[in-house]
Amino acid sequence: MKPGLRCFDCHRPVHAAANQHHCPRCGGLLDVIYTGLRPRRFHGRGVWRYKAMLPCRIPPVTLQEGATPLYRCPRLEEELGLREVYVKHEGMNPTGSFKDRGMTVGVTMALQLGMKRVACASTGNTSASLSLYAAKAGLDCVVLLPQGKVALGKISQAMMHGARVLSIKGNFDASLKLVAQLCESGEFYLLNSVNAYRLEGQKTAAYEICEELGRAPDRLVLPVGNAGNISAYWKGFDEFQWWGYVKNRPRMLGVQAQGAAPIVHAHQTGKREVTPVRKPETVATAIRIGNPVNAPKAIRALQQSKGDMVAVTDKEILQAQRDLARLEGIGVEPASAASLAGLRKMVKQKEIARGETIVMVTTGHLLKDPETILQECGRPTEVEGNMGALKRALLA
Ligand SMILES: *Cc1c(COP(=O)(O)O)cnc(C)c1O
Ligand SMILES: [Zn+2]
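Counting starts from 1 at the beginning of each chain's written sequence and moves along it residue by residue. All chains are assigned letters beginning at A, and all ligands numbers beginning at 1, according to the order in which they are written. The predicted origin of the model limits local features to residues at a pLDDT of at least 70 and limits the giving and counting of side-chain atom pairs to 80 or more, whereas totals for whole chains, interfaces and linings rest on all residues. Hydrogens and waters are ignored; side-chain quantities use all the structure's heavy atoms.

> How would you explain the sheet that holds strand 6 (residues 117–121) if you had to name every residue and give the values?
Any two strands are treated as partners once DSSP identifies two or more bridges connecting them. Elements are defined by DSSP. Helices are runs of H or I of four residues or more, strands are runs of E of two residues or more, and each kind is numbered from the N terminus. The parallel open sheet is built from four strands, whose spatial order is 8-7-6-9. Strand pairing shows two members of the sheet lacking a second neighbour, strand 8 (164–168) and strand 9 (188–190), which therefore form its edges. Each strand of the sheet is rotated relative to its neighbour by a mean of 25°, with strand direction disregarded. The pairing of strand 7 (residues 140–146) with strand 8 spans five bridges and is parallel. Among the inter-strand pairings, Leu 145 is bridged to a residue of strand 8, identified as Ser 167. Every axis corresponds to a line fitted to the C-alpha atoms, with the helix fit spanning only the stretch in contact, and the corresponding angles, defined between N-to-C directions, vary from 0 to 180 degrees.

Written as structure tokens, this is what we have:
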């Protein structure tokens, strides 16, 4: 199919320069649209299985992202009193988060557009992912991280894959503003989720879920930060139905942390505009974002899907992280556990019907944030190397 860019707000076609991510007429976000015949069949596994619905026309920069497991969760079904609950574990991507789906496409587009340098601001996972794909593609990479608020695993990845890692004295929102300005010069290609091509990669997770279930779920639950992923999933489900591969679309349930919940507030008050949260705070650092750039797309996804937004506390997030790990064996980072915390809250409020098929997205892997885990779980018990001491320790 033939890709093109269109303004998300005024719907006019846009012929954008490589470093341009907004409509020249109205300033709206951009969207990728496709014309032509849909393929009858798909080939291969993962993101590139759907290359006909992606904007790239050169060989991809890929490490086999996507094709992540969709786990059935019987013990959570029992607890929640729901018939069918699944987890789509996006922590099983090459760098351990769903960002890889976006970056394999985004970095391929950077090459296609002739860019030599790439950049992003990041709460951590975006930088880990961009560093890897830039390395694979042979591109220079700069990442801006908010000082002191990025999980250790993510920084380690960015450093090892060879990005220039800058720690910015300011939060994520400030870092994003800075890097967007840096990229306006045209020397660096911006790979935050304001880049519409990145979302094209991320939408493939929705396709995978539909193919595996043979239909779309009734509800999709996921954590929301900059709101790129909820927008990408909705676009994926919408397209899959529009092209006739499935007959239904899910309701979207977005979850934010109470200390960083601007879209929850907008949704609850029926507003179309988001009022930024000046000082976002949560243990779930991946969604510690006060001014989500993709809010217009997320709000439309919520309207079109009859969706909901819910806020959860850090305590509920950490409890859900522990339960995913101990009840279902699914190890996720705190932001990802917001999915379960949010679903629990909605079940308690009797907003979910027993017969619904639910898919929760867990966005990042447990190993991303070891420091939070050690704070929560404590450290191993020290024991002398003899049987007496071992038995005493086990009986205690
Ligand atoms: C990036 C990220 C999110 C938030 O996704 P958005 O597209 O910014 O809403 C959630 N969880 C994890 C683990 C992430 O890395
Ligand atoms: Zn426009």
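Next comes the rest of the description.
> Just give me the short version of the pairing of strand 1 (residues 2–7), but keep the residues and values in it.
Two elements, strand 1 and strand 3 (residues 30–35), share six bridges in a ladder whose sense is antiparallel. From the neighbouring strand, Gly 4 faces strand 3, where its bridge partner is Ile 33. Across two bridges, the pairing between strand 1 and strand 2 (residues 13–14) is antiparallel. Counted as the bridge partner of Leu 5 is Val 14 from strand 2. Linking strand 1 back to strand 2 in an antiparallel pair, the connection comprises five residues, with His 11 at a positive phi of about 65°.

> Could you give an account of the sheet that holds strand 12 (residues 308–312), naming the residues involved and the relevant values?
Sheet strands associate in pairs through backbone hydrogen bonding, adopting either a parallel or an antiparallel arrangement. Strand order in the open sheet formed by six strands is 4-5-13-10-11-12, and the pairing between neighbours is mixed. On the outer flanks of this sheet lie strand 4 (70–72) and strand 12, each paired with one strand and no other. Neighbour-to-neighbour, the strand axes of the sheet open up by a mean angle of 25°, direction not taken into account. Relative to strand 12, strand 11 (residues 251–257) runs parallel, the two being bridged by five bridges. Counted as the bridge partner of Val 255 is Val 310 from strand 12. Two residues form a contact once any of their heavy atoms are found within 4.5 Å. Across the sheet, helix 7 (residues 204–213) lies against strand 4, strand 5 (84–89), strand 10 (219–223) and strand 13 (357–362), angled at about 140° from strand 5, the strand it touches most.

> Lay out the coordination of the zinc ion (ligand 2) with the relevant residues and their values.
At this site the zinc ion (ligand 2) is bound by Cys 7 (SG), Cys 10 (SG), Cys 23 (SG) and Cys 26 (SG), with donor distances of 2.3 to 2.4 Å. Classification of the site at the zinc ion (ligand 2) rests on its four donor atoms, whose angles at the metal span 97 to 121°, yielding the label tetrahedral. Any nitrogen, oxygen or sulfur atom within 2.8 Å of a metal ion counts as a donor, with the limit raised to 3.2 Å for Na, K and Ca, and since water is left out, coordination shells can look unfinished. Sequence positions of the donors to the zinc ion (ligand 2) reduce to the motif C-x2-C-x12-C-x2-C. With Cys 7 in strand 1 and Cys 23 in the loop between strand 2 and strand 3, the pair connects residues that are 16 residues apart, well separated along the chain. Exposure categories follow from relative accessible area, calculated using a 1.4 Å probe and restricted to protein chains: below 20% of the type maximum is buried, above 50% is exposed, and the middle band is partly exposed. Of the residues examined, Cys 7 reaches a relative accessible area of 0% and is grouped as buried. For four-coordinate sites, all angles between 85 and 135 degrees define a tetrahedron; for four- and six-coordinate sites, opposite donors beyond 155 degrees with the remaining angles between 65 and 115 define square planar and octahedral shapes respectively, and all other cases count as irregular.

> Just give me the short version of helix 3 (residues 125–137), but keep the residues and values in it.
By definition here, a helix of n residues has an expected span of 1.5 Å times n minus one. End to end, helix 3 covers 18 Å across 13 residues, agreeing with the expected 18 Å (1.5 Å per residue, within 8%). In terms of burial, helix 3 is largely enclosed, as 10 of its 13 residues are buried. Burial in helix 3 covers these residues: Asn 125, Thr 126, Ser 127, Ala 128, Ser 129, Leu 130, Ser 131, Leu 132, Tyr 133 and Ala 134. At its buried positions, helix 3 is contacted by helix 2 (99–112), strand 6, strand 7, helix 4 (152–160) and helix 6 (196–202). Just beyond helix 3, the residue with positive phi is Gly 138, at close to 75°.

> Give me a nonpolar patch on the surface: which residues, what numbers.
Two distance rules govern patches: like charges are joined within 9 Å, and nonpolar side chains (Val, Leu, Ile, Met, Phe, Trp, Tyr) within 5 Å, applied only to residues with over 30% relative accessible area and no salt bridge. Only the protein chains shown count as cover for residues, with accessible areas throughout obtained via the Shrake-Rupley method and a probe of 1.4 Å. One side-chain nitrogen of Lys or Arg within 4 Å of one carboxyl oxygen of Asp or Glu is enough to make a salt bridge. Among the surface-exposed residues, Val 383, Met 387, Leu 390 and Leu 394 lie close enough to one another that they form a single nonpolar patch of about 390 Å² accessible area. Looking at the element boundaries, Val 383 is found in the loop between helix 13 (370–377) and helix 14 (387–395). Using a relative accessible area of 40% as the deciding quantity, one classes Val 383 as partly exposed.

> Report on the side chain of Gln 321, specifying residues and quantitative values.
On the secondary structure map, Gln 321 appears in helix 11 (residues 314–327). Ignoring sequence-local partners within four residues, the contact set of Gln 321 consists of Val 332, Glu 333, Pro 334, Ala 337, Leu 366 and Ile 373.

> Hey, could you go over the packing of helix 11 against helix 13 for me, with residue numbers and the actual values?
Where helix 11 contacts helix 13, the two axes come as close as 12 Å, and the packing angle between them is 90°. Between helix 11 and helix 13, the angle falls in the class roughly perpendicular. Of the residues in helix 13, those in contact with Leu 318, Gln 321, Arg 322 and Arg 326 of helix 11 are Thr 372, Ile 373, Glu 376 and Cys 377. Class assignment of the residues belonging to the contact of helix 11 with helix 13 gives a composition of three nonpolar, two polar and three charged. Reported orientations rely on four angle classes, namely roughly parallel under 35 degrees, roughly antiparallel over 145, roughly perpendicular from 65 to 115, and oblique for the rest. Gly is placed with the polar residues, together with every amino acid not listed as nonpolar (Ala, Val, Leu, Ile, Met, Phe, Trp, Tyr, Cys and Pro) or charged (Asp, Glu, Lys and Arg).

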